[in-house]
Amino acid sequence: MGRVINDTVPAIRLLGPVTVAGAGAGPPRQACVLAVLALNPGRPVTMDALTERAWGDAPASRSALYTITARLRRLLDPHGLRLAQRGGAYVLEIEPGDVDVHRMRALAERGDAASLRAAAALWRGEPLTGVRGDWAERTRAALAAERLGVLVRGFDAALAAGEHETLLPELSELVAGHPLDEPLTARYLLALHRAGRTADALAAFRAARDGIAGALGIEPGRELTEVHRGILRDDPALRLAEPAAARPLPRELPPELPGFIGRGEALAALDASGPIAAVTGTGGIGKTALALRWAHSAADAYPDGQLYADLHGFAAHPPADPGHVLGGFLRALGVTPDEIPRDTAERSAFYRSMTAGRRLLILLDNASGPAQVRPLLPGSATAKVLLTSRDDMLGLVVSHDADVLSLGVLSPDEAARLVRRLAAGADESTVRHLAERCGRLPLALRLAASRLGRGPMPPGGGIDELTVPGDVTLSDTFALSYDALGPGARRLFRLIGLHPAERPEPASLAAMAGLSLDETSALLAELTTASLTQSADGLIAVHDLLREYAAGLAGDEPGLPEARERLYDWYLRAALEARRALFGAPPWFPVPEPAAPVPDFADGAVAQEWLDARSETILAVLDDAGEHEAGGTRAARLALTMWRYLNLRWRQADLVRASLIGLAAARRSGEPALAVSLSLQLGRAHSMGEQMGTAVELYRDALAAARALGDPRVTAEALTHVAMVHESVGEHDEAAGLLREAVAMSEAAGWEFGIALADSRLAAIARDHWRWDEAEEAGTRALERYERTGRVREAAIMRIDLARGDIGRGDPERALKRLVRARAAADALGERQGRAQSRLYTGAALNLAGRPVEALVELREALALADEMGAGIVRLQVLLHTVPALLAAGDLPTAMEVALEARVLSERVGYRRYTATAHRRVAEVHLALGEEYAAREWLSAALAGFRHARSAEAAEVEAVLGGLTPRVDPP
């Protein structure tokens, strides 16, 4: 079977910054490991080789390599690129063409001008940019030399084609950057000479000779010297060869469409394609323009002529009859009318005989499908067939080993360039807006640019505004495909236009349509064949303009409210199942039965992977439910369901957005219990963003509403949140009283999780007052309940809190044992706060155990995770524990910098106890520097803060102050 060529850049790019699917490959060593593997696709690379190339002479460990390969897997897996381990080696299981270096080499091996041009276009700057080390430098130098070789071969082809004038600017720049490269300089001299600039060519030779002599102490080599001699005597061999006499051959290609922009990767893919290539895609995507551009550029490679036919596969009139097309082709090939058979099959056989062994280019535009094309295929592989179609042409892949190029939209820059070219004078903001408004679809851009000539488009102008006088609208173009569908496929297409997901799951469409998954799959296949949708990674992709067209067709779709409800129920059930698998947290509200099967989550890892991939879709569904659901509670329940996942990923802005939508829905539907829970959820989201004033107001309003409601579970939840507010400002007695009431309410409601949550906060209060046994007892009760109810995340956090108690009472070994389990659980969940805090308190325990260097390693990793989260309070916690480790390691200057940063950050965060601790850390550095006078001022400020927060640390600070040399004021 032939391969399917995607209109994309190589997945892994090394000829410039190292990237995967356009994204950076990570820190230099990680990028280096990826580069080594990518240069050896499908081949094992030993761990020793990887560490030697990535670390050089620096010490390296297998664990560091394991960390890098684990990160690379997370980077590669979403793009279908597999990194496997085989014994003591790693293998990147990809095709060579997935790497730009190997694609460049494959194109260069073809040797024709177009392939060499495409090979050179893959370079984006210095290879392996940012990757350091001896191996990287050697590889960079080798690739740079390889590039010059490709360029030189490309210049030879261009010079042979008489393109010396156009080459001069590029050659001049390259020679200036590589003055010792003789093959490059030789081509520059030849181009200057052929352009009539012989004096400049001779001057360039003198400059090159002087440079080579000065740098290397030798004369130029044979090739450059012979070109120079040939220029001096005006050797005819250096002149451009005269073209061969033209023969009367078919030259049927239509002119190229004006304003063609970009498509470099697609052109390169066609360069690399086999004897039969199909360009497929939706209407208006630019298939014909691309095919004509490539055909004109490649025409010289087919000296026996070019044939062309518009097959009208998707047009207002019937598709072209293959027999009629064959008659035209045979006449173009010199067959007289009376020699042409009448029967289509006989014409096809005669045509194959006429084309056998000939180097012909045959362009079949707008084919309806494989059946229309097969009679028009030539008799041997010496001819090239290029066809365009909205059909996926996979039938031709099976029967004739065709290559298929699935064409996508233009890049943002290409789209903007096209608008500028077609609508001269348009301002830049209009250009960019129009490019995105038209979805970067070439046909829409052309129509819109023409529309600009008749005055500005309305602000919300839709696709029906995209028209040219006397021409069809874009809707008319889409209608040709839509009208050919069966009724079921047309209805599904309309529903896709209303689906809130950018790329919906087939099962969600089945639920929305009220059909079985098999029925839906059959209809989707019909839509895909018509190029109205595409299937990618098990999801359904639809172009924005096609989606707008579909939504416009929906209008007053019968049964639309019920279809939307089925859709919302499907996502709610799927999200609940993922939540259960990931967190072990069952819902406390009724769960709908979905109209189609939801994913089966074998474990938490599978559930998290699904949520990572589909969370934006679920939030879009939530937005849609908030807008269209009149009196139901689906939006409220979906917002509550997504809380734990969004909190896990520390997506504070999304939490605020989801909570606001859910809260509005709960209030509309008259569900006060849901409204209270969502008010508390919104408060937590604001507290994550360090907007404590807003959070406190929401918590207190929610508690008042819960008490009025009389629901013990909701009241317990609100009590716990208000208690945490009191706890944060040092009002521990008030907090403890509310938490004990929360325990009683949770017991009345039979809510185990509520009891555990209150116990965990009671443990925190006891720990803040150094009542270690009480903290251990309450924390252990909470941990047991979390584990009993399957709350994996909360259990991990509770283990960290228990370890904090161990550190406080001076038992680092016990703390480290607890932290190992907590860290493993947090890492497995990908829980950012847990991952950061497990490393933070591992660092604190290691420092307490007299191992400050190891502690600093952990603390640096914790700081990076805090910054990744964008969580100021977590960063502050890390800084406050970093200062003692730096002091223990003897790095006093850095300790002062960190302490002062913590003091500034504590003022912004607004927690009194943290501000007092920051003052104490600054004082500790001053004491280490022997600066008692300065330390006294900071300790006094710390003492006032700890007393205000009612912290047990006040006594410690007071004792330190008392031990200082008495202050003597001047008389």
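Residues numbered from 1 in each chain as written. Predicted model: local features only at pLDDT ≥ 70, side-chain atom pairs only at ≥ 80, totals over all residues. Heavy atoms only, no water.

Per an unreviewed UniProt entry, the protein goes by the name SARP family transcriptional regulator and belongs to Actinorhabdospora filicis.

### Re the overall build of the protein
Assigned secondary structure in the protein consists of 43 helices and 14 strands. Here the C-alpha coordinates of the protein stretch approximately 110 × 85 × 60 Å along the principal axes. Of all 971 residues assigned to the protein, the portion counted as buried reaches 53%. Long-range contacts, defined as pairs at least 24 residues apart, comprise 65% of the intrachain contacts of the protein with a sequence gap of at least 6. In the form shown here, the protein has an accessible surface area of approximately 41300 Å², with 53% of it arising from carbon and sulfur atoms. For the protein, the centre of its 109 positive side-chain charges and the centre of its 127 negative side-chain charges are spaced 1 Å apart. (Helix = DSSP H or I, 4+ residues; strand = E, 2+ residues; numbered from the N terminus. Buried < 20%, exposed > 50% of the residue type's maximum accessible area, 1.4 Å probe, protein only. Contact = heavy atoms within 4.5 Å. Areas by Shrake-Rupley, 256 points an atom, 1.4 Å probe, with all protein chains shown as cover. Lys, Arg positive; Asp, Glu negative; His and termini not counted. Charge placed at Lys NZ, Arg CZ, Asp CG, Glu CD.)

### Section: the sheet that holds strand β5 (residues 45-46)
Taken together, 3 strands build an open sheet; the order of strands is β5-β7-β6 and the sheet is antiparallel. The sheet is open, and its two edges are formed by β5 and β6 (82-86), each paired on a single side. Pairing geometry for β6 and strand β7 (residues 89-93), over 5 bridges, is antiparallel. Paired with Gln-85 across the two strands is Tyr-90, which belongs to β7. Seen against the sheet, helix α1 (residues 28-38) touches β5, β6 and β7 and runs at an angle of roughly 70 degrees to β7. (Pairing = 2+ DSSP bridges. Axes fitted to C-alpha atoms, helices over the stretch in contact; angles between N-to-C directions.)

### With respect to a nonpolar patch on the surface
Taken together, the side chains of Leu-180, Leu-216 and Ile-218 make up a nonpolar region of the molecular surface, amounting to roughly 270 Å² of accessible area. Summarising the element assignment, Leu-180 is placed in the loop between α7 (164-177) and α8 (182-194). (Patch = residues over 30% accessible without salt bridge, like charges linked within 9 Å, V, L, I, M, F, W, Y side chains within 5 Å. Salt bridge = Lys/Arg side-chain N within 4 Å of Asp/Glu carboxyl O.)

### Focus: helix α36 (residues 812-829)
Between the first and last C-alpha of α36 there are 25 Å, a value that for 18 residues agrees with the 26 Å anticipated at 1.5 Å per step. Looking at the buried residues of α36, the elements they touch are α25 (560-583), α26 (604-628), α27 (634-648), α34 (772-788), α35 (792-808) and α37 (832-848). Just beyond α36, the residue with positive phi is Gly-830, at close to 75 degrees. (Expected span 1.5 Å × (residues − 1).)

### Overview of the UniProt feature "domain: OmpR/PhoB-type" (unreviewed entry) in the protein
Under the local residue numbering, the UniProt record ascribes the feature "domain: OmpR/PhoB-type" (unreviewed entry) to residues 22-92. Note that residues 22-92 is 49% helix and 18% strand, and that its end C-alpha atoms are spaced 18 Å apart. (UniProt positions renumbered as here; feature names shortened; annotations may be inferred.)

### Re the pattern of salt bridges
What the rule picks out here adds up to 55 salt bridges. As a salt-bridge pair, Glu-565 and Arg-634 come within 3.9 Å of each other at their nearest N and O atoms. With Glu-565 in helix α25 and Arg-634 in helix α27, this pair connects stretches of sequence that are 69 residues apart. Between Arg-785 and Asp-759 there is a salt bridge, with the nearest N and O atoms lying 3.6 Å from each other. Taken as a pair, Arg-785 in helix α34 and Asp-759 in helix α33 (residues 752-768) lie far apart in primary sequence, 26 residues in all. By relative accessible area, which is 17% here, Arg-785 ends up buried. Residue Asp-759 is classed as buried on the basis of its relative accessible area, which comes to 5%. Overlapping salt bridges, with partners in common, bring together Glu-752, Asp-759, Glu-777, Arg-781, Arg-785 and Arg-788 in one network.

### Considerations on empty space enclosed by the protein
As enumerated under the stated definition, the model contains 1 cavity of 30 Å³ or more in all. Estimated volume of the largest cavity: approximately 70 Å³. Lining the largest cavity are Ala-763, Arg-767, Trp-772, Ala-775, Glu-776, Met-798, Asp-801, Leu-802, Gly-805, Asp-806 and Arg-809. The dominant element in the lining of the largest cavity, judged by the number of residues it contributes, is α35, at 5 residues. By residue class, the composition of the lining of the largest cavity is 5 nonpolar, 1 polar and 5 charged. (1 Å grid on protein atoms, 1.4 Å probe; cavity = no way out; pocket = protein on both sides within 12 Å on 5 of 7 lines; lining within 4 Å. Points joined across faces, edges and corners; volume = space filled by probe spheres on them. Nonpolar A, V, L, I, M, F, W, Y, C, P; charged D, E, K, R; others polar.)

### With respect to the packing of helix α29 (residues 672-688) against helix α31 (residues 712-728)
With their axes 10 Å apart at the nearest point, α29 and α31 run at an angle of 20 degrees to one another. If you check the angle between α29 and α31, you find them roughly parallel. Considering only the axes of α29 and α31, their crossing is left-handed. When α29 is examined against α31, the residues Ala-673, Val-676, Ser-677, Leu-680 and Arg-684 are found in contact with a partner set consisting of Arg-713, Val-714, Glu-717, Ala-718 and His-721. (Parallel < 35°, antiparallel > 145°, perpendicular 65-115°, else oblique. Left-handed = near helix turned anticlockwise from the far one by under 90°.)

### Description of helix α22 (residues 506-513)
Count 3.6 residues to each turn of an α-helix, and residues three or four apart come out pointing the same way. Among the 8 residues of α22, 8 are classified as buried, and the element is accordingly described as predominantly covered. Considered for burial, the residues of α22 that qualify are Pro-506, Ala-507, Ser-508, Leu-509, Ala-510, Ala-511, Met-512 and Ala-513. Buried residues along α22 sit in contact with α21 (487-498), α23 (517-529), β14 (539-541) and α25.

### Considerations on the sheet that holds strand β4 (residues 23-24)
Pairing within the open sheet is antiparallel, and its 3 strands lie in the order β2-β3-β4. Edge positions in the sheet fall to β2 (12-13) and β4, since each has one partner strand and no second. Pairing analysis gives 2 bridges linking β2 to strand β3 (residues 19-20), with the strands arranged antiparallel. Its bridge partner being in β3, Arg-13 is matched across the sheet by Thr-19.

### As for the environment of Pro-812
In this structure, Pro-812 sits in helix α36. The class of Pro-812 is buried, set by a relative accessible area of 12%. Excluding residues that lie within four positions of it along the chain, Pro-812 makes contacts with Ala-845, Leu-848 and Ala-849.

### With respect to the packing of helix α5 (residues 113-121) against helix α6 (residues 134-160)
Between α5 and α6, whose axes approach to 9 Å, the crossing angle comes to 145 degrees. Considering the relative orientation of α5 and α6, their crossing is left-handed. In this structure, α5 uses Ala-113, Leu-116, Ala-119 and Ala-120 to contact α6, whose residues at the interface are Val-150, Leu-151, Arg-153, Gly-154 and Ala-157. In terms of residue class, the contact of α5 with α6 is made up of 7 nonpolar, 1 polar and 1 charged.

### What to know about the side chain of Thr-720
With respect to the helices, strands and loops of the structure, Thr-720 is situated in helix α31. Among all residues touching Thr-720, those that are not within four sequence positions of it are Leu-739, Ala-742, Leu-757, Ala-758 and Arg-761.

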